[in-house]
Amino acid sequence: MIRVGLVGVGHWGPNVVRSFESGGRAEVKWICDLDDAALARMAGRHSGKTTKDFSDLLGDSDIDAIAIATPVPTHFKLATAALEAGKHVLCEKPLTWTADECRQLIATAEKHDRRLMVGHVFEYNASIRALKDLIDSGELGEIQYMSFARTNLGPVRTDVNALWDLASHDISIMNYFLGASPLDVTARGHAWLNEGIEDAVFATFRFATGALAHVEVSWLNPRKVRLITVVGDKKMAVWDDLALQHPIQVFDRHVELPEVTGTFLEHKTAVVDGGVFLPSVRLNQPLAAECDHFLDCVENGTRPQTDGENGLRVVLALEAATKSMAEGSIVTPIPDA
Ligand SMILES: NC(=O)c1ccc[n+]([C@@H]2O[C@H](COP(=O)([O-])OP(=O)(O)OC[C@H]3O[C@@H](n4cnc5c(N)ncnc54)[C@H](O)[C@@H]3O)[C@@H](O)[C@H]2O)c1
(Lines give C-alpha, C1' and ligand atoms only; values in the text may rest on other atoms or scores of the structure.)
Protein backbone atom coordinates (compact mmCIF):
# COMPACT_ATOMS: atom_id res chain seq x y z
CA MET A 1 0.00 0.00 0.00
CA ILE A 2 1.43 3.39 -1.03
CA ARG A 3 0.67 6.21 1.38
CA VAL A 4 -0.19 9.56 -0.14
CA GLY A 5 -0.70 13.06 1.22
CA LEU A 6 -2.82 15.43 -0.83
CA VAL A 7 -2.73 19.22 -0.71
CA GLY A 8 -5.64 21.27 -2.08
CA VAL A 9 -9.22 20.03 -1.84
CA GLY A 10 -11.08 22.72 -3.77
CA HIS A 11 -12.87 21.69 -6.95
CA TRP A 12 -10.39 19.15 -8.31
CA GLY A 13 -8.55 17.71 -5.28
CA PRO A 14 -11.48 15.56 -4.03
CA ASN A 15 -11.50 13.79 -7.43
CA VAL A 16 -7.82 12.97 -6.99
CA VAL A 17 -8.46 11.61 -3.48
CA ARG A 18 -11.29 9.43 -4.80
CA SER A 19 -9.21 8.18 -7.72
CA PHE A 20 -6.30 7.17 -5.49
CA GLU A 21 -8.54 5.41 -3.00
CA SER A 22 -10.76 3.65 -5.56
CA GLY A 23 -7.83 1.65 -6.95
CA GLY A 24 -7.14 -0.07 -3.62
CA ARG A 25 -3.37 0.42 -4.01
CA ALA A 26 -3.03 3.72 -2.14
CA GLU A 27 -4.16 5.20 1.12
CA VAL A 28 -4.63 8.97 1.32
CA LYS A 29 -3.22 9.44 4.80
CA TRP A 30 -3.28 13.23 4.99
CA ILE A 31 -5.36 15.94 3.38
CA CYS A 32 -4.11 19.51 3.65
CA ASP A 33 -5.86 22.77 2.75
CA LEU A 34 -5.61 26.33 4.07
CA ASP A 35 -9.39 26.61 4.00
CA ASP A 36 -11.37 25.19 6.94
CA ALA A 37 -14.53 24.87 4.85
CA ALA A 38 -12.68 22.80 2.22
CA LEU A 39 -11.33 20.48 4.93
CA ALA A 40 -14.77 20.23 6.56
CA ARG A 41 -16.28 19.14 3.23
CA MET A 42 -13.88 16.17 3.20
CA ALA A 43 -14.94 15.02 6.68
CA GLY A 44 -16.40 11.54 6.45
CA ARG A 45 -15.35 11.21 2.80
CA HIS A 46 -11.95 9.68 3.49
CA SER A 47 -10.28 7.86 6.34
CA GLY A 48 -7.12 9.98 6.68
CA LYS A 49 -6.24 12.99 8.81
CA THR A 50 -6.77 16.64 7.85
CA THR A 51 -4.47 19.60 8.48
CA LYS A 52 -3.88 23.22 7.49
CA ASP A 53 -0.14 22.77 7.99
CA PHE A 54 1.70 21.31 4.96
CA SER A 55 4.69 20.45 7.15
CA ASP A 56 2.57 17.70 8.77
CA LEU A 57 2.75 15.89 5.41
CA LEU A 58 6.45 16.64 4.89
CA GLY A 59 7.36 15.40 8.38
CA ASP A 60 5.42 12.13 8.22
CA SER A 61 7.95 9.45 7.27
CA ASP A 62 5.09 7.06 6.44
CA ILE A 63 4.09 9.16 3.44
CA ASP A 64 5.65 8.02 0.15
CA ALA A 65 4.13 10.60 -2.17
CA ILE A 66 2.39 13.97 -2.25
CA ALA A 67 -0.28 14.99 -4.75
CA ILE A 68 -0.71 18.72 -5.36
CA ALA A 69 -4.09 20.11 -6.43
CA THR A 70 -3.69 23.76 -5.47
CA PRO A 71 -3.69 26.81 -7.79
CA VAL A 72 -0.79 26.99 -10.30
CA PRO A 73 1.18 29.83 -8.61
CA THR A 74 1.62 27.59 -5.51
CA HIS A 75 2.82 24.44 -7.35
CA PHE A 76 6.54 25.24 -7.43
CA LYS A 77 6.94 25.96 -3.72
CA LEU A 78 4.87 22.97 -2.57
CA ALA A 79 6.44 20.53 -5.06
CA THR A 80 9.98 21.66 -4.18
CA ALA A 81 9.33 21.18 -0.45
CA ALA A 82 7.80 17.74 -1.08
CA LEU A 83 10.72 16.52 -3.25
CA GLU A 84 13.26 17.86 -0.76
CA ALA A 85 11.45 15.94 1.99
CA GLY A 86 11.99 12.76 -0.08
CA LYS A 87 8.41 12.42 -1.38
CA HIS A 88 7.41 11.49 -4.93
CA VAL A 89 5.21 14.20 -6.47
CA LEU A 90 2.11 14.16 -8.66
CA CYS A 91 1.35 17.79 -9.45
CA GLU A 92 -1.68 19.21 -11.23
CA LYS A 93 -1.31 20.97 -14.57
CA PRO A 94 0.29 23.23 -15.63
CA LEU A 95 3.34 22.04 -13.72
CA THR A 96 4.53 25.52 -12.74
CA TRP A 97 4.14 29.18 -13.55
CA THR A 98 7.46 29.46 -15.47
CA ALA A 99 9.73 27.20 -17.49
CA ASP A 100 12.57 28.10 -15.17
CA GLU A 101 10.60 26.73 -12.21
CA CYS A 102 9.93 23.51 -14.18
CA ARG A 103 13.64 23.08 -14.81
CA GLN A 104 14.42 23.61 -11.13
CA LEU A 105 11.79 21.02 -10.14
CA ILE A 106 13.20 18.49 -12.61
CA ALA A 107 16.68 19.01 -11.13
CA THR A 108 15.36 18.68 -7.56
CA ALA A 109 13.53 15.44 -8.43
CA GLU A 110 16.72 14.06 -10.01
CA LYS A 111 18.88 15.12 -7.07
CA HIS A 112 16.60 13.31 -4.61
CA ASP A 113 15.86 10.40 -6.98
CA ARG A 114 12.11 10.95 -6.69
CA ARG A 115 9.41 10.63 -9.37
CA LEU A 116 7.94 13.92 -10.63
CA MET A 117 4.73 13.66 -12.64
CA VAL A 118 2.33 16.28 -13.96
CA GLY A 119 -1.39 15.57 -14.17
CA HIS A 120 -1.90 15.95 -17.93
CA VAL A 121 -4.94 13.76 -17.55
CA PHE A 122 -5.92 13.52 -21.23
CA GLU A 123 -2.79 11.49 -21.95
CA TYR A 124 -4.43 8.79 -19.80
CA ASN A 125 -7.81 9.02 -21.53
CA ALA A 126 -8.56 5.80 -23.47
CA SER A 127 -10.21 7.59 -26.41
CA ILE A 128 -7.31 10.06 -26.75
CA ARG A 129 -4.94 7.08 -26.67
CA ALA A 130 -7.02 5.37 -29.38
CA LEU A 131 -6.78 8.48 -31.56
CA LYS A 132 -3.01 8.61 -30.97
CA ASP A 133 -2.82 4.94 -32.13
CA LEU A 134 -4.74 5.85 -35.31
CA ILE A 135 -2.33 8.71 -36.02
CA ASP A 136 0.74 6.55 -35.32
CA SER A 137 -0.58 3.71 -37.51
CA GLY A 138 -0.54 6.05 -40.52
CA GLU A 139 -4.28 5.48 -41.09
CA LEU A 140 -4.90 9.23 -41.40
CA GLY A 141 -1.79 9.81 -43.53
CA GLU A 142 0.40 12.81 -42.94
CA ILE A 143 -1.17 15.17 -40.41
CA GLN A 144 -1.88 18.51 -42.04
CA TYR A 145 -3.61 20.30 -39.22
CA MET A 146 -5.53 19.82 -35.98
CA SER A 147 -8.10 22.04 -34.38
CA PHE A 148 -9.04 22.00 -30.70
CA ALA A 149 -12.13 23.60 -29.13
CA ARG A 150 -12.55 23.64 -25.36
CA THR A 151 -15.33 25.99 -24.30
CA ASN A 152 -18.01 26.34 -21.64
CA LEU A 153 -19.79 28.98 -19.58
CA GLY A 154 -17.48 28.92 -16.55
CA PRO A 155 -15.91 27.97 -14.31
CA VAL A 156 -14.28 31.42 -14.39
CA ARG A 157 -10.85 31.42 -12.72
CA THR A 158 -9.04 34.40 -11.27
CA ASP A 159 -5.64 32.78 -10.59
CA VAL A 160 -4.86 31.98 -14.26
CA ASN A 161 -6.36 32.88 -17.65
CA ALA A 162 -8.17 30.55 -20.06
CA LEU A 163 -4.90 29.83 -21.85
CA TRP A 164 -3.10 28.49 -18.77
CA ASP A 165 -6.19 26.79 -17.37
CA LEU A 166 -7.65 25.15 -20.48
CA ALA A 167 -5.12 25.19 -23.33
CA SER A 168 -2.59 23.36 -21.15
CA HIS A 169 -4.72 20.24 -21.86
CA ASP A 170 -4.72 20.83 -25.63
CA ILE A 171 -0.98 21.52 -25.82
CA SER A 172 -0.27 18.33 -23.92
CA ILE A 173 -2.57 16.42 -26.33
CA MET A 174 -1.05 17.91 -29.52
CA ASN A 175 2.50 17.15 -28.30
CA TYR A 176 1.39 13.61 -27.44
CA PHE A 177 -0.28 13.07 -30.84
CA LEU A 178 2.68 14.28 -32.87
CA GLY A 179 5.45 13.14 -30.50
CA ALA A 180 6.99 16.60 -30.80
CA SER A 181 6.68 20.15 -29.50
CA PRO A 182 5.58 23.04 -31.71
CA LEU A 183 8.18 25.44 -33.12
CA ASP A 184 6.21 28.66 -32.71
CA VAL A 185 2.86 30.19 -31.86
CA THR A 186 0.72 33.20 -32.57
CA ALA A 187 -2.02 33.98 -30.06
CA ARG A 188 -4.75 36.50 -29.34
CA GLY A 189 -7.03 36.73 -26.34
CA HIS A 190 -9.20 39.15 -24.46
CA ALA A 191 -10.24 39.81 -20.86
CA TRP A 192 -13.88 40.88 -20.50
CA LEU A 193 -14.71 39.72 -16.97
CA ASN A 194 -11.59 40.33 -14.87
CA GLU A 195 -8.94 42.81 -15.87
CA GLY A 196 -5.78 41.17 -17.20
CA ILE A 197 -7.22 37.62 -17.12
CA GLU A 198 -8.16 36.53 -20.64
CA ASP A 199 -11.51 34.71 -20.79
CA ALA A 200 -11.05 33.50 -24.38
CA VAL A 201 -7.84 32.76 -26.26
CA PHE A 202 -7.22 31.70 -29.87
CA ALA A 203 -3.75 30.32 -30.52
CA THR A 204 -2.15 28.67 -33.55
CA PHE A 205 0.91 26.46 -33.12
CA ARG A 206 3.21 25.30 -35.95
CA PHE A 207 5.21 22.07 -35.92
CA ALA A 208 8.44 21.23 -37.78
CA THR A 209 6.49 18.94 -40.16
CA GLY A 210 4.42 21.96 -41.23
CA ALA A 211 1.39 20.70 -39.28
CA LEU A 212 -0.68 23.44 -37.65
CA ALA A 213 -2.67 23.13 -34.43
CA HIS A 214 -5.30 25.73 -33.68
CA VAL A 215 -6.70 26.02 -30.15
CA GLU A 216 -9.83 27.87 -29.08
CA VAL A 217 -10.36 28.02 -25.33
CA SER A 218 -12.99 29.98 -23.47
CA TRP A 219 -15.00 29.98 -20.25
CA LEU A 220 -17.27 32.62 -21.78
CA ASN A 221 -19.21 30.57 -24.30
CA PRO A 222 -22.81 29.31 -24.18
CA ARG A 223 -21.85 25.74 -25.14
CA LYS A 224 -19.71 23.12 -23.48
CA VAL A 225 -17.54 21.81 -26.29
CA ARG A 226 -14.62 19.38 -26.12
CA LEU A 227 -13.77 18.76 -29.75
CA ILE A 228 -10.62 17.83 -31.66
CA THR A 229 -10.42 17.55 -35.45
CA VAL A 230 -7.36 15.89 -36.96
CA VAL A 231 -6.94 16.32 -40.71
CA GLY A 232 -4.58 13.94 -42.48
CA ASP A 233 -3.89 13.70 -46.20
CA LYS A 234 -5.62 10.29 -46.31
CA LYS A 235 -8.38 10.46 -43.71
CA MET A 236 -9.75 12.81 -41.08
CA ALA A 237 -10.86 12.16 -37.52
CA VAL A 238 -13.05 13.97 -35.04
CA TRP A 239 -12.92 13.37 -31.28
CA ASP A 240 -15.84 14.55 -29.20
CA ASP A 241 -15.40 14.00 -25.47
CA LEU A 242 -19.11 14.54 -24.92
CA ALA A 243 -20.15 11.79 -27.37
CA LEU A 244 -19.96 9.00 -24.86
CA GLN A 245 -20.99 6.14 -27.17
CA HIS A 246 -18.54 6.89 -29.97
CA PRO A 247 -16.06 9.64 -29.08
CA ILE A 248 -14.07 9.07 -32.31
CA GLN A 249 -15.36 9.33 -35.86
CA VAL A 250 -13.00 8.58 -38.74
CA PHE A 251 -13.94 10.12 -42.06
CA ASP A 252 -12.51 8.29 -45.06
CA ARG A 253 -12.51 11.53 -46.98
CA HIS A 254 -9.86 13.50 -48.77
CA VAL A 255 -9.49 15.80 -51.73
CA GLU A 256 -7.67 14.85 -54.92
CA LEU A 257 -6.34 17.35 -57.40
CA PRO A 258 -6.61 16.04 -60.97
CA GLU A 259 -3.49 16.35 -63.11
CA VAL A 260 -3.41 19.42 -65.31
CA THR A 261 -3.26 18.28 -68.93
CA GLY A 262 -2.18 20.33 -71.97
CA THR A 263 -2.75 24.02 -71.72
CA PHE A 264 -6.20 23.66 -70.27
CA LEU A 265 -6.10 24.40 -66.54
CA GLU A 266 -8.59 22.05 -65.00
CA HIS A 267 -8.52 23.01 -61.37
CA LYS A 268 -11.60 21.11 -60.33
CA THR A 269 -10.97 19.09 -57.21
CA ALA A 270 -12.40 15.67 -56.57
CA VAL A 271 -13.71 14.79 -53.12
CA VAL A 272 -13.11 11.14 -52.39
CA ASP A 273 -15.69 9.89 -49.91
CA GLY A 274 -15.35 6.39 -48.51
CA GLY A 275 -17.77 6.98 -45.65
CA VAL A 276 -17.43 7.30 -41.90
CA PHE A 277 -16.49 4.63 -39.39
CA LEU A 278 -16.74 4.65 -35.63
CA PRO A 279 -13.92 2.77 -33.91
CA SER A 280 -15.08 1.14 -30.72
CA VAL A 281 -13.16 2.35 -27.70
CA ARG A 282 -13.27 0.78 -24.27
CA LEU A 283 -13.64 3.94 -22.19
CA ASN A 284 -11.79 4.36 -18.90
CA GLN A 285 -11.67 6.72 -15.93
CA PRO A 286 -8.76 8.93 -17.07
CA LEU A 287 -7.94 10.35 -13.63
CA ALA A 288 -7.96 6.88 -12.06
CA ALA A 289 -5.65 5.69 -14.88
CA GLU A 290 -3.37 8.69 -14.26
CA CYS A 291 -3.17 7.96 -10.50
CA ASP A 292 -2.58 4.27 -11.21
CA HIS A 293 0.30 5.11 -13.56
CA PHE A 294 1.82 7.36 -10.89
CA LEU A 295 1.63 4.50 -8.35
CA ASP A 296 3.30 2.16 -10.88
CA CYS A 297 6.15 4.67 -11.29
CA VAL A 298 6.55 5.06 -7.52
CA GLU A 299 6.52 1.29 -7.03
CA ASN A 300 8.87 0.40 -9.90
CA GLY A 301 11.08 3.50 -10.02
CA THR A 302 10.05 4.10 -13.65
CA ARG A 303 9.72 7.44 -15.44
CA PRO A 304 6.15 8.75 -15.76
CA GLN A 305 4.74 9.30 -19.25
CA THR A 306 3.90 12.85 -18.21
CA ASP A 307 7.19 13.53 -16.42
CA GLY A 308 8.77 16.87 -15.57
CA GLU A 309 10.08 17.36 -19.14
CA ASN A 310 6.60 16.73 -20.51
CA GLY A 311 5.30 19.42 -18.12
CA LEU A 312 8.15 21.75 -19.15
CA ARG A 313 7.28 21.44 -22.87
CA VAL A 314 3.70 22.52 -22.14
CA VAL A 315 4.83 25.47 -19.98
CA LEU A 316 7.29 26.61 -22.70
CA ALA A 317 4.40 26.69 -25.20
CA LEU A 318 2.17 28.55 -22.70
CA GLU A 319 4.90 31.12 -22.04
CA ALA A 320 5.41 31.71 -25.77
CA ALA A 321 1.64 32.09 -26.35
CA THR A 322 1.49 34.56 -23.45
CA LYS A 323 4.32 36.59 -25.02
CA SER A 324 2.60 36.54 -28.41
CA MET A 325 -0.65 37.82 -26.87
CA ALA A 326 1.21 40.61 -25.07
CA GLU A 327 3.06 41.67 -28.21
CA GLY A 328 0.23 42.03 -30.73
CA SER A 329 -0.03 38.35 -31.76
CA ILE A 330 3.44 38.21 -33.30
CA VAL A 331 4.80 34.80 -34.26
CA THR A 332 6.75 33.77 -31.17
CA PRO A 333 9.33 30.96 -31.15
CA ILE A 334 8.93 28.18 -28.58
CA PRO A 335 12.36 27.25 -27.16
CA ASP A 336 13.46 23.61 -26.97
CA ALA A 337 12.95 21.96 -23.58
N1 LIG B 1 -6.87 17.92 -14.72
C2 LIG B 1 -7.99 18.61 -14.76
O3 LIG B 1 -8.86 18.37 -15.58
C4 LIG B 1 -8.17 19.73 -13.78
C5 LIG B 1 -9.44 20.26 -13.56
C6 LIG B 1 -9.57 21.29 -12.64
C7 LIG B 1 -8.44 21.79 -12.00
N8 LIG B 1 -7.24 21.25 -12.26
C9 LIG B 1 -6.03 21.78 -11.60
O10 LIG B 1 -6.12 21.54 -10.20
C11 LIG B 1 -5.52 22.60 -9.47
C12 LIG B 1 -6.54 23.17 -8.50
O13 LIG B 1 -7.66 23.61 -9.22
P14 LIG B 1 -9.09 23.78 -8.50
O15 LIG B 1 -10.04 24.10 -9.58
O16 LIG B 1 -9.37 22.63 -7.60
O17 LIG B 1 -8.80 25.08 -7.62
P18 LIG B 1 -9.61 25.59 -6.36
O19 LIG B 1 -9.28 27.03 -6.21
O20 LIG B 1 -11.04 25.17 -6.45
O21 LIG B 1 -8.99 24.77 -5.13
C22 LIG B 1 -7.69 24.96 -4.70
C23 LIG B 1 -7.63 24.60 -3.20
O24 LIG B 1 -6.27 24.73 -2.80
C25 LIG B 1 -6.22 25.37 -1.51
N26 LIG B 1 -4.91 26.00 -1.35
C27 LIG B 1 -4.41 27.06 -2.02
N28 LIG B 1 -3.13 27.32 -1.65
C29 LIG B 1 -2.82 26.38 -0.73
C30 LIG B 1 -1.65 26.10 0.04
N31 LIG B 1 -0.54 26.83 -0.10
N32 LIG B 1 -1.69 25.08 0.91
C33 LIG B 1 -2.81 24.32 1.06
N34 LIG B 1 -3.96 24.54 0.37
C35 LIG B 1 -3.96 25.54 -0.52
C36 LIG B 1 -7.38 26.34 -1.54
O37 LIG B 1 -7.80 26.67 -0.23
C38 LIG B 1 -8.44 25.55 -2.31
O39 LIG B 1 -9.27 24.79 -1.45
C40 LIG B 1 -5.04 23.61 -10.51
O41 LIG B 1 -3.69 23.36 -10.80
C42 LIG B 1 -5.87 23.28 -11.75
O43 LIG B 1 -5.23 23.61 -12.95
C44 LIG B 1 -7.08 20.23 -13.12
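Just above sits the structure.
Residues numbered from 1 in each chain as written. Predicted model: local features only at pLDDT ≥ 70, side-chain atom pairs only at ≥ 80, totals over all residues. Heavy atoms only, no water.

1. So, empty space enclosed by the protein
At step 1: Here the structure, examined in full by the defined rule, presents 1 cavity of 30 Å³ or more.
At step 2: In this structure, the largest cavity spans a volume of roughly 30 Å³.
At step 3: Of all the elements in the fold, those that place two or more residues in the lining of the largest cavity are strand S4 (65–68) and strand S5 (88–91).
At step 4: Of the residues assigned to the lining of the largest cavity, the class counts are 7 nonpolar, no polar and 2 charged. (1 Å grid on protein atoms, 1.4 Å probe; cavity = no way out; pocket = protein on both sides within 12 Å on 5 of 7 lines; lining within 4 Å. Points joined across faces, edges and corners; volume = space filled by probe spheres on them. Helix = DSSP H or I, 4+ residues; strand = E, 2+ residues; numbered from the N terminus. Nonpolar A, V, L, I, M, F, W, Y, C, P; charged D, E, K, R; others polar.)

2. Thoughts on the layout of surface pockets
At step 1: Its boundaries defined by the atoms lining it, the second largest pocket holds a volume of some 200 Å³.
At step 2: As for the second largest pocket, its lining consists of 14 residues, and the residues nearest its centre are Glu-110, Arg-114, Arg-115, Leu-116 and Arg-303.
At step 3: Taken together, the elements giving at least two residues each to the lining of the second largest pocket come down to helix H5 (99–111) and helix H9 (308–326).
At step 4: With 3 residues, the single largest contributor to the lining of the second largest pocket is H5.
At step 5: Classifying every residue of the lining of the second largest pocket by side-chain character gives 4 nonpolar, 3 polar and 7 charged.

3. Section: the site of the ligand
At step 1: As a structural note, the neighbourhood of the ligand is formed by 20 residues, with His-11, Trp-12, Asp-33, Lys-93 and Arg-157 the closest of them.
At step 2: Within the contact set of the ligand, an oxygen atom lies 3.2 Å away from a backbone nitrogen or oxygen of Thr-70.
At step 3: Measuring from an oxygen atom of the ligand, one finds a backbone N or O atom of Lys-93 at 2.8 Å. (Near = heavy atom within 4 Å. Polar contact = N/O pair within 3.5 Å; in protein donor to acceptor, adjacent residues only side chain to side chain.)

4. Quick notes on the packing of aromatic side chains
At step 1: Per the stated rule, a full pass over the model turns up 4 aromatic pairs.
At step 2: Geometrically, the ring pair formed by Phe-20 and Phe-294 is edge-to-face, given 6.2 Å between the ring centres and 65° between the ring planes. In this pair, Phe-20 sits in helix H1 (residues 13–22) while Phe-294 sits in helix H8 (residues 286–300), placing the two residues 274 residues apart along the sequence.
At step 3: Residue class for Phe-294 comes out buried when judged on its relative accessible area of 0%.
At step 4: The aromatic ring of Tyr-176 is capped on one face by Lys-132, whose charged end is 5.2 Å from the ring centroid.
At step 5: If you follow Arg-150 out to its NZ or CZ, it ends over the ring of Phe-122, 4.5 Å from the centre. (Phe/Tyr/Trp six-rings, centres within 6.5 Å; stacked < 30°, edge-to-face > 60°. Buried < 20%, exposed > 50% of the residue type's maximum accessible area, 1.4 Å probe, protein only. Lys NZ or Arg CZ within 6 Å of the ring centre and 35° of its normal.)

5. A look at the environment of Leu-257
At step 1: Within the fold, Leu-257 resides in the loop between strand S13 (248–256) and strand S14 (270–277).
At step 2: Judged by relative accessible area, Leu-257 falls into the exposed class, the value being 68%.
At step 3: Spatially, the C-alpha atoms of Leu-257 and Val-271 are 8.9 Å apart, while their sequence positions differ by 14 residues.

6. Some thoughts on the sheet that holds strand S2 (residues 26–32)
At step 1: Strand order in the open sheet formed by 6 strands is S3-S2-S1-S4-S5-S6, with parallel pairing between adjacent strands. Bordering the open sheet on either side are strand S3 (49–51) and strand S6 (116–118), each of which pairs with just one other strand. Across this sheet, the average inter-strand angle for adjacent strands is 20°, counted without regard to direction.
At step 2: As paired elements, S4 and S5 share 4 bridges and run parallel to each other. Bridged to Ala-67 within S5 is Leu-90. (Pairing = 2+ DSSP bridges. Axes fitted to C-alpha atoms, helices over the stretch in contact; angles between N-to-C directions.)

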